[in-house]
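Below, each chain spelled out in residue letters.
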Amino acid sequence: MNTDTAIQKILDSYEKYGGINRTETENFPNRQNVVTVIQDLQCLIYPGFRTAEQLDLQNLQYVTGLRVNRIIAMLTKEIQKALDFVVTQKNGIPGDVIHSHCYALAEKTVQALIGEIPEIRRKLQLDAQAALDGDPAARSKEEVILSYPGLEAILVHRIAHFLYINGVPIIPRIMSEHIHGKTGIDIHPGAVIGESFFIDHGTGVVIGETTIIGDNVKLYQGVTLGALSVKKSLMNKKRHPTIENNVTIYSNATILGGETVVGEGCTIGGNTCLTHSIPAGTVYTQDPASGAVTCKKIKDRK
């Protein structure tokens, strides 16, 4: 097959199978633009940590203003595309009025996200402190900010979750899957995560869409907070567990089910599988050879 014939067959496949996002139609968000926005947001949250830039008291305001305006312009456009796409899927090709409404909604949402940045930074400082307190290998919060994949994953999650709960389609998933590919940590943007959250090591962690995690929770690598069933009919149901405050879950533990609640102060041992609720203050372990479960109450500490 010569080159011209091969090219024509590729073009024909675009028409036959779809999967092409033509720029002039603006019918779907651009992944690279969303990734660029993520990188700008990371720099906005931790200026000077992500890129080689000269920052001082004189230029910080200028650099911050420039970055904020770039985020607003690019993210507004990408959210507008996502909203237009959803409207198109439901109602056919959107008219100018719908298109204008999507832009206004996108702009309002992005402005709200920019307004939320100080609160996101506050939570991330608590997350960084949790890593410093919870990992003997950590020497400073700055080290955590620079090098810990768990903090990077939760940073992007806190942004994606804000967009998710404010009704933005598609974009939050692009964000979460980008950071999933980079860190090996898969957090659905719908998951609700409290303060002082620490993922140690992180590779292979999966946190499902309807998971609820309280404050001061620590996860190790390979932990799955998943669903008992993946039936499509359960789309709008709570399918993933609730983890209450002050819980530690060790490596490769699997906790499944929307009705499963891990009570406050519990410790879940490594390589365990849990599909039912356990009360507060419980240590839950499982023998790897026999599968025998030990579930004992932690004695009250005075």
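First, a word on what this report is: a plain description of the structure on this page. Keep in mind that this is a model prediction, so the values were computed, not measured.

All right, on to the overall build of the protein then. When its secondary structure is counted, the protein shows seven helices and 15 strands. Once the C-alpha set of the protein is aligned to its principal axes, its extents read approximately 70 × 55 × 45 Å. Taking all 302 residues of the protein together, the buried fraction comes to 41%. When contacts within the protein are restricted to residue pairs at least 6 apart in sequence, those whose partners lie at least 24 apart make up 46%. Distance from the positive charge centre (30 side chains) to the negative charge centre (31 side chains) of the protein: 5 Å.

A word on the side chain of His161. Its place among the elements puts His161 in helix α6 (residues 149–165). A distance of 3.2 Å separates a polar atom in the side chain of His161 from the backbone oxygen of Ala191.

What follows covers the pattern of salt bridges. Using the criterion set out here, one finds nine salt bridges in the structure. Note that Glu119 and Arg122 form a salt bridge whose closest N and O atoms lie 2.8 Å from each other. Taken together, the residues Glu119 and Arg122, both in helix α4 (residues 96–134) and three residues apart, mark about one turn of the helix. The shortest N-O distance in the salt bridge between Glu177 and Arg173 comes to 3.1 Å. Of this pair, Glu177 and Arg173 are both found in helix α7 (residues 171–183), four residues apart, which corresponds to roughly one turn of the helix.

This paragraph deals with the side chain of Thr109. Relative to the helices and strands, Thr109 resides in helix α4. Judged by its relative accessible area of 8%, Thr109 is buried. At 2.9 Å, the side chain of Thr109 forms a polar contact with the backbone oxygen of Leu105. Leave out the neighbours within four places in its chain, and Thr109 touches Phe162, Leu163, Asn166 and Val168.

Attention shifts here to the sheet that holds strand β15 (residues 293–297). Judged by pairing direction, the sheet is mixed, and its six strands sit side by side in the order β3-β6-β9-β12-β14-β15 without closing on themselves. A strand with exactly one partner marks an edge of an open sheet, and here the two such strands are β3 (198–199) and β15. Across five bridges, the pairing between strand β14 (residues 282–286) and β15 is antiparallel. The residue of β15 that forms the bridge with Tyr284 is Cys295.

Next up on the list: α7. For α7, spanning 13 residues, the distance from its first C-alpha to its last is 19 Å, which sits close to the expected 18 Å at 1.5 Å a residue. Three or more residues of α7 are buried, namely Ile171, Pro172, Ile174, Met175, Ser176, Ile179 and Thr183.

Turning our attention to the pairing of β14. Both strand β12 (residues 267–268) and β14 contribute to a ladder of two bridges, which runs parallel. Within β14, the position partnered with Thr267 by the bridge is Val283. Hairpin connection, β14 to β15: the antiparallel pair is bridged by six residues, and Gly291 has positive phi, about 80 degrees.

A few words on the sheet that holds strand β13 (residues 273–274). With parallel pairing, the five strands of this open sheet are ordered in space as β1-β4-β7-β10-β13. Each edge of the sheet is formed by a strand with only one pairing partner; in this case those strands are β1 (186–187) and β13. Summarising the sheet, β1 and strand β4 (residues 206–207) pair through two bridges and their orientation is parallel. Bridging across to β4, Asp186 finds its partner in Val206.

The next subject is the packing of helix α2 (residues 31–45) against α6. Their axes nearest at 11 Å, the elements α2 and α6 cross at an angle of 105 degrees. By the angle class used here, α2 and α6 are roughly perpendicular. Of the residues in α6, those in contact with Ile38, Leu41, Gln42 and Ile45 of α2 are Glu152, Leu155, Val156 and Ile159. A class-by-class count of the residues in the contact of α2 with α6 yields six nonpolar, one polar and one charged.

What counts and how
Residue numbers restart at each chain and count upward from 1, following the sequence in its written direction. A pLDDT threshold of at least 70 governs which residues receive local features in this predicted model, and a stricter bar of 80 or more applies before side-chain atom pairs are shown or counted, although totals over entire chains, interfaces and linings include all residues. Here the side-chain values reflect all heavy atoms present in the structure, with hydrogen atoms and water set aside. Put simply, DSSP marks the helices as runs of H or I at least four residues long and the strands as runs of E at least two long, and each gets a number from the N terminus on. Each residue's exposure class comes from its accessible area (1.4 Å probe, protein chains only) as a fraction of the maximum for that residue type: buried when under 20%, exposed when over 50%, partly exposed otherwise. Note on contacts: a residue pair is in contact if any heavy atoms of the two residues lie within 4.5 Å. When charges are tallied, Lys and Arg are placed among the positive residues and Asp and Glu among the negative ones, while His and the ends of the chain are skipped. Working definition for charges: the position is that of NZ of Lys, CZ of Arg, CG of Asp or CD of Glu. Counting of polar contacts relies on pairs of N or O atoms within 3.5 Å, with two restrictions inside protein: one atom must be capable of donating a hydrogen and the other of accepting it, and residues adjacent in sequence are counted only when both atoms are side-chain atoms. By salt bridge we mean one thing: a side-chain nitrogen of Lys or Arg within 4 Å of a carboxyl oxygen of Asp or Glu. Strand pairing requires that DSSP identify at least two bridges connecting the strands. To estimate how far a helix should reach, multiply one less than its number of residues by 1.5 Å. For every element, the axis is a line fit to its C-alpha atoms; helices are fit only across the contacting stretch, and the angle between N-to-C directions ranges from 0 to 180 degrees. Convention used here: angles under 35 degrees read as roughly parallel, angles over 145 as roughly antiparallel, angles from 65 to 115 as roughly perpendicular, and any remaining angle as oblique. Under the scheme applied, nonpolar residues are Ala, Val, Leu, Ile, Met, Phe, Trp, Tyr, Cys and Pro; charged residues are Asp, Glu, Lys and Arg; polar residues are all the others, including Gly.

By themselves these figures say nothing about function.
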